[in-house]
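Residue strings, one per chain:
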Amino acid sequence: MGAPAPSSSPKPSKQQQDVKYNYNTSLDFWGEPDPTHLAYRTVTAQGLRRAKTSPRRVRMLARDFIDDSLYNPQYGYFSTQAVIFSPPGPMDFRAMRDEAEFQEKVAELYRGYDEGPDGKVPKGIGRQVWHTPTELFKPHYGEAIARCIVSEYELQHYPYQDLVIYEMGAGNGTLMLNILDWIRSHRPDVYTRTRYKIIEISDRLATGQRARSLTRAGHQGVVEVVNKSVFDWDEVVNEPCWFLAMEVLDNFSHDLIRYSLETPHAEPYEAHIAIDPAGDFHPYYLPSSDPLISRYLALERTLPSYRTPPQTHHPLLRALRRAIPFSANLSAPEYLPTKLLLFLETLRDKFPRHRLLVADFNALPDALPGRNAPVVQTRYNGEMVPCETFLVQHGFFDIFFPTDFTLLAEMYEKVVGAGSGRGAPAAALGKGTGGDFFTSRTRSAGREKKPKVFSHADFLEQYADIENTTLRDGSNPLLSFYKNASFMMT
């Protein structure tokens, strides 16, 4: 729910009262959709990219509403509001007493982002600051990624092919700098063969990434920033490459479905959002007909971890639910990672010889009700405030989802593994390259290698120089923080 202003605050003006942040509209399903809303023009996030302000008199799928709220170039969260927390330099971990002192240091740095010129935290919606392990633990986190990539590259591929790295959603560009600085310092022979390409949807962030890579770090000729969405990528990259998706899957928009408990079979209903002339949001459900939702549901049923929810699909349980007075006529919300499916299809079709490295949250506190539901939050009066709905004003709220890494690995095998290796044949890569090394269906002893999932700590214990982040009492925040995060490497 949106956080109210303190009771001592002056009464807001009429103009301030007209600004709505948390619409708190129920996602329950009662009766038929309003015919007025059904008559609105149907739009998509892609179709709204040229819009200057939040749309009115339109309707769209839940995934388009979330995508538009986060990524619209004119009013989206990442385009206009999001600020990535970045300490001015590396922290001296070995000088810190314990994790309490580390957290105090982080809180002190955060206050610098929240405070205005007068040294006070402004009231109301503030700067939308959030942090990542890349920034908190720079350069050590990025150097661990570099060690992982270079060790695999040298083992199987060097010196026959260049080391080509794609990073999606590079934020401030810190990970790119830390990876390239480490390669240049520790593997200069590999650095001369390295090309680093960033795929960045935000114009503002892309401009900063170019400046940091060229004017501040001296990586001219190594870094290229491509200012577009990965979903708009139209070139087939047949060369072997690494593809990094670090803390970006959580902001992939999802679709919302619920199953009918009144029809003879558990029919899926997809969520749509109507926006009326006043800018209010009205969710409603229709029988699912979207091709991407249908494709995802068909894929999900083929995965080893899929289990039919008995309360939704078992005939006896469905009959018992219908017999309960005033019982819900739709099942609990389920958020489907449909954009994740599109991303995997893009990797398969446009980067057929890639290797993928992913890091993200596997679980989240304060999530909305429902399966795989997101967290919706904003900074208000200097504090991060969770909300009760994703139907919030465009641009002022982060909407992010947990990543089910078991599901991700299974989807990757089904989607990418089934169609990979369609690039240049192994013979074209040169003698001794291990031509299958850069395909997602590498075989060993006649068996396919599956994507490997690591806990956050296990991955960093393997690849990071953990002495540099060990505190005086022997604890290590690089390993103990982000316990709800995981890595996956293919």
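Residues numbered from 1 in each chain as written. Predicted model: local features only at pLDDT ≥ 70, side-chain atom pairs only at ≥ 80, totals over all residues. Heavy atoms only, no water.

## Description of the overall build of the protein chain
Working step 1: The secondary structure content of the protein chain amounts to 17 helices and 20 strands.
Working step 2: Taken over 490 residues, the protein chain has a buried fraction of 53%.
Working step 3: Sequence separation of 24 or more characterises 76% of the internal contacts of the protein chain that already satisfy a separation of 6 or more.
Working step 4: With an accessible surface of roughly 22100 Å², the protein chain has 51% of that area assigned to carbon and sulfur atoms. (Helix = DSSP H or I, 4+ residues; strand = E, 2+ residues; numbered from the N terminus. Buried < 20%, exposed > 50% of the residue type's maximum accessible area, 1.4 Å probe, protein only. Contact = heavy atoms within 4.5 Å. Areas by Shrake-Rupley, 256 points an atom, 1.4 Å probe, with all protein chains shown as cover.)

## Some words on helix α16 (residues 456-463)
Working step 1: All of the buried residues in α16 are H456, F459, L460 and Y463. On an axial view of α16, the arc spanned by its buried residues comes to 90°, and they lie on one face.
Working step 2: On its buried side, α16 packs onto α6 (133-136), α7 (140-156), β13 (354-361), β19 (452-455), α17 (477-480) and β20 (485-489). (Arc of directions from axis to C-beta.)

## Details of the confidence of the model for the protein chain
Working step 1: Mean pLDDT over the protein chain: 83, with 79% of residues reaching 70 or higher.
Working step 2: Element-level pLDDT for the protein chain is lowest in helix α1 (residues 14-17), with a mean of 36, against a maximum mean of 98 in strand β2 (residues 58-61).
Working step 3: Low confidence marks residues 1-26, where pLDDT is under 50. Its contacts with residues over four positions away, or in another chain, come to 42 contacts.
Working step 4: Every residue in residues 420-448 scores below 50 in pLDDT, and together they form 61 contacts with partners more than four places removed in sequence or on other chains. (pLDDT = per-residue confidence, 0-100.)

## Brief notes about unusual backbone geometry
Working step 1: Between K138 and the following residue, P139, the backbone shows a cis peptide bond with an omega angle of 0°.
Working step 2: Mapping P139 onto the fold places it in the loop between α6 and α7.
Working step 3: Here the bond from Y158 into P159 is cis, since omega is 5°, no more than 30 degrees from zero.
Working step 4: Along the chain, P159 turns up in the loop between α7 and β5 (163-168).
Working step 5: Look at E247: it is not a glycine, yet its phi comes out positive at around 55°.
Working step 6: With respect to the helices and strands, the residue E247 is situated in the loop between β8 (241-246) and β9 (255-259).
Working step 7: Of note, the phi angle at N372 is positive, near 60°, even though the residue is not glycine.

## Description of the nonpolar core
Working step 1: One finds I145, Y196 and L244 to be the most contacted residues of the largest nonpolar core, which totals 58 residues.
Working step 2: By residue number, the principal contributor to this core is α7, which donates eight residues.
Working step 3: In contact with I145, not counting residues within four places along its chain, are L175, I179, L244, M246, L357, F459 and F487.
Working step 4: V164, V226, V237 and L297 belong to the second largest nonpolar core, which has 42 residues in total. (Core = buried A, V, L, I, M, F, W, Y, C linked by side-chain atoms within 4.5 Å.)

## A few points about the packing of aromatic side chains
Working step 1: Here the structure, examined in full by the defined rule, presents 24 aromatic pairs.
Working step 2: Measuring from ring centre to ring centre gives 5.1 Å for F102 and F481, while their planes differ by 85°; the resulting arrangement is edge-to-face. Of this pair, F102 sits in helix α5 (residues 99-114) while F481 is found in the loop between α17 and β20, placing the two residues 379 residues apart along the sequence.
Working step 3: Put simply, the rings of Y166, F231, W233, F243, F252, F343 and F351 touch in pairs and so form one group of aromatic residues. (Phe/Tyr/Trp six-rings, centres within 6.5 Å; stacked < 30°, edge-to-face > 60°.)

## Let's talk about the pairing of strand β10 (residues 268-275)
Working step 1: Most of β10 sits out of view: eight of its eight residues are buried.
Working step 2: Burial along β10 is two-sided: P268, E270, H272 and A274 facing one way and Y269, A271, I273 and I275 facing the other are all buried.
Working step 3: Strand direction decides the pairing type here: β2 and β10, joined by four bridges, are antiparallel. Looking at β10, one finds that L61 is bridged to H272.
Working step 4: Bridge count for β10 against strand β11 (residues 281-287) is seven bridges, and the pairing is antiparallel. Following the sheet pairing, Y269 is matched in β11 by P287. (Pairing = 2+ DSSP bridges.)

## Comments concerning the pairing of strand β6 (residues 194-199)
Working step 1: The buried count for β6 comes to five of six residues, which makes it a mostly enclosed element.
Working step 2: Note that β6 and strand β7 (residues 223-226) share four bridges and pair parallel. Paired with I199 across the bridge in β7 is V226.

## Details of the sheet that holds β8
Working step 1: Taking strand neighbours across the sheet as the criterion, the seven strands line up as β7-β6-β5-β8-β13-β20-β19 in an open arrangement whose pairing is mixed. Of all the strands in the sheet, just β7 and β19 have a single pairing partner and so form its edges. Each strand of the sheet is rotated relative to its neighbour by a mean of 15°, with strand direction disregarded.
Working step 2: Note that β5 and β6 share six bridges and pair parallel. Across the sheet, I165 pairs through a bridge with Y196, a residue of β6. (Axes fitted to C-alpha atoms, helices over the stretch in contact; angles between N-to-C directions.)

## Notes on the packing of helix α11 (residues 291-300) against helix α14 (residues 338-350)
Working step 1: Close contact between α11 and α14 brings their axes to 10 Å; oriented N to C, the two are set at 85°. Judged by the inter-axis angle, α11 sits roughly perpendicular to α14. Counted together, L292, I293, R295, Y296 and L299 of α11 and T338, L341, L342 and E345 of α14 form the full contact between these two elements.
Working step 2: Split into classes, the residues belonging to the contact of α11 with α14 amount to six nonpolar, one polar and two charged. (Parallel < 35°, antiparallel > 145°, perpendicular 65-115°, else oblique. Nonpolar A, V, L, I, M, F, W, Y, C, P; charged D, E, K, R; others polar.)

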